[in-house]
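Listed below, chain by chain, are the residues.
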Amino acid sequence: MSLMPAIPPTRTLGSSDIVISSLAWGMWRLAEDGRTAANAARLLHCALDAGITLLDTADIYGFDGSGGFGDAEALLGEVLTAEPGLRGRMVLATKGGIMPPLPYDQSPDYLRSAIEASLRRLQVDTIDLYHIHRPDILTHPQEVARTLDDAVAAGKIRTLGVSNFTTAQIDTLQYFLGHGLVSTQPEISPLRITCLANGELDQAMRMGLTPLAWSPLGGGRLVHAENERDRAVANALDRIAEEAEVSRSVAAYSWLMAHPAGIVPIIGSQNPDRIAEAAQATAMRWTRQDWYAVLVAARGERLP
Ligand code: NAP
């Protein structure tokens, strides 16, 4: 059975000249469990040592429903201040535009202040990739575009991306932007395959956007599969994982990475061993038959 193309260890971020690892590490859960800057530094080193150079955070990470807004960025900022040499080893991505309890705000004044606040907390001069976290339907995309273009022109942001946008919202924001978007960040996992069929990945390929997959293990549901459908997907992955002598998680990451859109899974684990293990995903090779077997399990029905 012929194998699908090997997964490259690095990719180019959209149409930019920025090289990123084929896997990213996410910091949504970084500020949980009373983690200190020393703990955070250990995890960051672990990701970098595993060859993971794209780091994804957001201003809202750390928010627990009442407080903690900005805590994950601030923790990373502490790590970078203590060890300034780390900054040059990473491509730093963050997000803004969700402001509890509003819930979304991308009006020019707010978005400008959110970008400044992220720079302050992260203690950096430039953000490599800034995502609008979720679309604010009450701000005209032309205004959002102007604020983002100004931030790029001022050197505060190098490249731009969106998260949780529909294909029409991406087209429209891009229509007004002077700079090309480089990434889109939807939820994608073997348990969440919507964007394989709704045009989002087709649009990413057409526009040259790097798709960053959030919750690539379904937020952990793939590991602790509890219902029939989740178990069927887990079993389909296990069959391949056992042959390749890797864990189910690694098989899930590589299943996403084998898609021709060049999906970059954002590892959500805050466990050093699991972060290090994720790097094995680039070494896995898929046959079409095995890949489609996981898709069929995810669909819950045969392909037509
Ligand atoms: P995920 O990889 O789907 O899930 C991670 C969770 O699964 C963690 O709680 C982790 O626990 C657990 N897990 C992983 N492997 C495990 C194993 N072998 N055994 C037991 N538990 C295991 O990713 P996620 O954290 O939901 O999201 C990943 C990243 O996506 C976030 O950090 C963030 O950067 C991004 N994100 C973006 C959005 C957005 O709207 N743009 C939304 C959500 C997330 P351990 O830490 O104990 O390993």
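This is a predicted model, so every value here is computed, not measured.

Asker: Give a description of the site of the ligand that names residues and reports values.
Answerer: Near the ligand, the surroundings consist of 26 residues, among which Arg-29, Asp-56, Ser-215, Ser-269 and Arg-274 are the closest. A distance of 3.4 Å separates an oxygen atom of the ligand from a polar backbone atom of Pro-216. Arg-274 places a polar side-chain atom, nitrogen or oxygen, 2.5 Å from an oxygen atom of the ligand. Contact with the protein chains hides 85% of the accessible area of the ligand, taken as 900 Å² for the molecule alone. Using a 2 Å cut-off from the grid points, one finds that the ligand occupies the largest pocket.

Asker: Please give an account of the confidence of the model for the protein chain that cites residues and values.
Answerer: A residue-level look at the protein chain finds 100% of positions with pLDDT of 70 or above and a mean pLDDT of 97. Predicted confidence in the protein chain is weakest over helix α6 (residues 194-197), with a mean pLDDT of 96, and strongest over strand β9 (residues 210-213), with 99.

Asker: So, the domain arrangement of the protein chain: which residues are in play, and what are the values?
Answerer: By the assigned domains, the protein chain splits into domain 1 (22-185) and domain 2 (220-304). Placing a centre on the C-alpha atoms of domain 1 and another on those of domain 2 gives a separation of 27 Å. Summed over both sides, the interface between domain 1 and domain 2 buries roughly 1300 Å², with carbon and sulfur atoms accounting for 71% of that surface. Remark: the boundary between domain 1 and domain 2 carries 0 salt bridges. In this assembly, domain 1 and domain 2 are joined by 5 residue pairs in polar contact (both at pLDDT 80 or more). Of all elements in the fold, only β3 (24-26), α1 (37-49) and β4 (54-56) reach the threshold of two or more residues within the side of domain 1 that touches domain 2. Residue classes in the side of domain 1 that touches domain 2 are distributed as 11 nonpolar, 3 polar and 4 charged.

Asker: Can you break down the pattern of salt bridges residue by residue, with the values?
Answerer: Tallying each qualifying case throughout the model produces 15 salt bridges. Residues Arg-112 and Asp-109 are paired through a salt bridge, measuring 2.8 Å at the closest nitrogen-oxygen approach. With Arg-112 and Asp-109 both in helix α3 (residues 108-122), this residue pair falls 3 residues apart, about one helical turn. For Arg-112, a relative accessible area of 41% gives the class partly exposed.

Asker: Tell me about the nonpolar core, residues and numbers included.
Answerer: Residues Trp-25, Leu-44, Tyr-130, Leu-148, Leu-237, Trp-255 and Trp-286 are the most contacted members of the largest nonpolar core, which totals 83 residues. Ranked by the residues each element gives to this core, the list is headed by α1, at 8 residues. Formed jointly, this core draws a minimum of three residues from each of two domains, domain 1 (22-185) and domain 2 (220-304). Those residues in contact with Trp-255 that sit more than four places away from it in its chain are Ser-189, Pro-190, Ile-193, Leu-196, Leu-237, Trp-286, Trp-291, Val-294 and Leu-295. Listed in part, the 12 residues of the second largest apolar core include Ile-18, Ile-20, Leu-54 and Val-182.

Calculation criteria
Residues numbered from 1 in each chain as written. Predicted model: local features only at pLDDT ≥ 70, side-chain atom pairs only at ≥ 80, totals over all residues. Heavy atoms only, no water. Near = heavy atom within 4 Å. Polar contact = N/O pair within 3.5 Å; in protein donor to acceptor, adjacent residues only side chain to side chain. Areas by Shrake-Rupley, 256 points an atom, 1.4 Å probe, with all protein chains shown as cover. 1 Å grid on protein atoms, 1.4 Å probe; cavity = no way out; pocket = protein on both sides within 12 Å on 5 of 7 lines; lining within 4 Å. Sits in = over half its atoms within 2 Å of the grid points. pLDDT = per-residue confidence, 0-100. Helix = DSSP H or I, 4+ residues; strand = E, 2+ residues; numbered from the N terminus. Domains from an automatic or database assignment. Buried area = accessible area lost by both parts, 1.4 Å probe. Salt bridge = Lys/Arg side-chain N within 4 Å of Asp/Glu carboxyl O. Nonpolar A, V, L, I, M, F, W, Y, C, P; charged D, E, K, R; others polar. Buried < 20%, exposed > 50% of the residue type's maximum accessible area, 1.4 Å probe, protein only. Core = buried A, V, L, I, M, F, W, Y, C linked by side-chain atoms within 4.5 Å. Contact = heavy atoms within 4.5 Å.

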